[in-house]
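A closer look at the structure
Spelled out, the chains give:
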Amino acid sequence: MAVSPNFCLPRGLLILIFFQLCKPDSAHFDVIGPAEPILAMVGDDIELPCHLSPNVSAERMELRWFRRKVAAAVLVRRDGREQAGEQVAEYRGRATLVARDIAAGRVAVRIHRVRASDDGEYRCFFRQDGSYEEASVHLQVAALGSDPHIHMEVRESGEVRLECTSVGWYPEPQVQWRTSEGEKFPSTSESRNSDEEGLFTVAASVIIRDPFMKNISCCIRNLLLGQQKEGNISIPASFFPKLTPWMVAVAVILMVLGVLTIGSIVCTWRLYKERSRQRKDEFSSKEKLLEELKLKKATVHAVDVTLDPDTAHPHLFLYEDSRSVRLEDSRQELPEKPERFDSWPCVLGRETFTAGRHFWEVEVGDRADWVVGVCRENVVRKGFDPMTPENGFWAVELYGNGYWALTPLRTPLPLAGPPRRVGIFLDYESGQVSFYNMTDRSHIYTFSNASFSGPLRPFFCLWSCGKKPLMICPVTDGPERVTVVADAKDFTKEIPLSAMGEDSASGDTDTLRSKLIPIQPSQRAP
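Now for a quick tour of the structure. (Residues numbered from 1 in each chain as written. Predicted model: local features only at pLDDT ≥ 70, side-chain atom pairs only at ≥ 80, totals over all residues. Heavy atoms only, no water.)

Notes on the nonpolar core
Membership of the largest hydrophobic core comes to 52 residues, with the highest contact counts inside it found for W65, F126, L162 and W177. The greatest single-element share of this core, amounting to 5 residues, is contributed by strand β16 (residues 200–208). In this structure, L327, I444, L456 and I472 belong to the second largest nonpolar core, which totals 38 residues. (Core = buried A, V, L, I, M, F, W, Y, C linked by side-chain atoms within 4.5 Å. Buried < 20%, exposed > 50% of the residue type's maximum accessible area, 1.4 Å probe, protein only. Helix = DSSP H or I, 4+ residues; strand = E, 2+ residues; numbered from the N terminus.)

Now the structure itself:
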């Protein structure tokens, strides 16, 4: 018997309603920001929006806007309230939440009285239970400066020097000189300096020798806004006197005397610099020999270090050798464990140290950013606590273009060259953690007078994705080879191997482990 299509429609609707009712509360969501940059003028208020897809309510979610690091928050909302204590100082009182459509998953951060320093990328971060996502919002800040002011100076040689100045520009403006006929010519010199608010003051000068150039204009243009301001000046013909022979002779004599004076000053300065360099080289040689001696003593205490997959953040993928790790955009479905990092992308070594001296090396290569060091066994692994000695971390990092020691105020490290391999030396009884550039065997930094209590473990962290992993170097054969075992039961765990791209979520969730990437022959230690 034929069935009418109209009879199937109610049944289909009932099935759809059933699946909607059975859909879990912790459904996956995406965070979407504006596709194009947002332009704001200095001094204005601006909103940086983000919304959820699908349009679920964000009232119970943790919301966070930040710039370069999650901990450096522009605005934080948690438990239905803004957390002013977590804002960085420059945004306190200037960043507020726009939550009129928060029930539909649409929120924004409003930045009041926009500054030049607000220019750049922002990240909006949404988190609920174990799920979190983020999106980027790019803010472009612009300011149109003052009308150009042209100052004229007539020199004894008959030349006319014009200087064009203007203040309050952002970003750096472009300066262009023009004749009354529209002919363009370059500046003799230009300078652009930023004030305390980050706005640029531009000064450009030009030398006029042509007596037929009467009307000159200085045009300053903001390329981001596509707007410009122009100033004009007229040069009287009487300002171009004719040069006489005695004026030429005086100019030549003054030039010769100036060259001789400058030459004598340069020779004296070079002699002084050479002697200073020799004294500095002698001191540096002694200091370098002392550091090399310390490094040789440290390498005697080399230990084997491997990675503990039970502590690895879900975005960290470990290799089969348990010595290599890299950060991926994809997130692994892993069981929630108290020892696993859930916010910072970090992983610990299996080994624990409660006494003695221990040394290991980490191959960082040409990775853009990383953190290596040691930490206490009982450090907080949930949330975004700062990585400082007060919280149980002694580490150095490469972030952006700078190297830093993770002290409470972050100490910059002026290195002679980028290290491709970093050596870490722990002296438990002396309370010291030292770092060395194994490329040129130079000293990087030492944490001194630390008060260690309880077990310490090797510590690793990656800030960005990359094809090349961070690798722990194995101990080479030598007179002293020490293997530190933290807990024998850690080595009896069966960790299933899986290739990249396989679904790690199959099977019972209680048996899930971090994905182990098969190591390539080129990645094995020699």
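That covers the picture; the talk isn't over yet.
Considerations on the sheet that holds strand β10 (residues 131–142)
Read from one edge of the open sheet, 6 strands run β2-β10-β9-β4-β5-β6, paired in mixed fashion. The outermost strands of the open sheet, each flanked by one partner alone, are β2 (38–41) and β6 (81–82). The sheet contact formed by strand β5 (residues 73–78) and β6 spans 2 bridges and is antiparallel. For R77, the partnering residue across the bridge sits in β6 and is E82. (Pairing = 2+ DSSP bridges.)

Re the pairing of β5
Burial analysis of β5 places 5 of its 6 residues in the buried class, which makes it a mostly covered element. Where strand β4 (residues 62–66) lies against β5, 4 bridges are found, and the strand directions are antiparallel. Directly across from W65, in β5, lies its bridge partner L75. Count of turn residues in the β4/β5 antiparallel hairpin: 6 residues. Linking β5 back to β6 in an antiparallel pair, the connection comprises 2 residues, with D79 at a positive phi of about 55°.

Re the state of the cysteines
Applying the stated criterion to the full structure yields 2 disulfides. One disulfide bridge connects C50 with C124, the sulfur atoms lying 1.9 Å from each other. Between C50 and C124 the disulfide shows an S-S torsion of about -85°. By sign, it is left-handed. Here C50, found in strand β3 (residues 46–53), pairs with C124, found in strand β9 (residues 120–128); they are 74 residues apart in sequence, far enough to count as distant. By relative accessible area, C50 is classed as buried at 2%. Of the residues examined, C124 reaches a relative accessible area of 0% and is grouped as buried. Put simply, C164 and C218 are joined by a disulfide, and their sulfur atoms are 2.1 Å apart. Disulfide C164-C218: torsion about the S-S bond near -80°, hence left-handed. One end of the pair, C164, is in strand β12 (residues 160–169); the other, C218, is in strand β17 (residues 215–222), with 54 residues separating them in the sequence. If the cysteines joined by disulfides in the protein chain are listed in sequence order, their pairing comes out as 1-2, 3-4. (Disulfide = S-S within 2.5 Å.)

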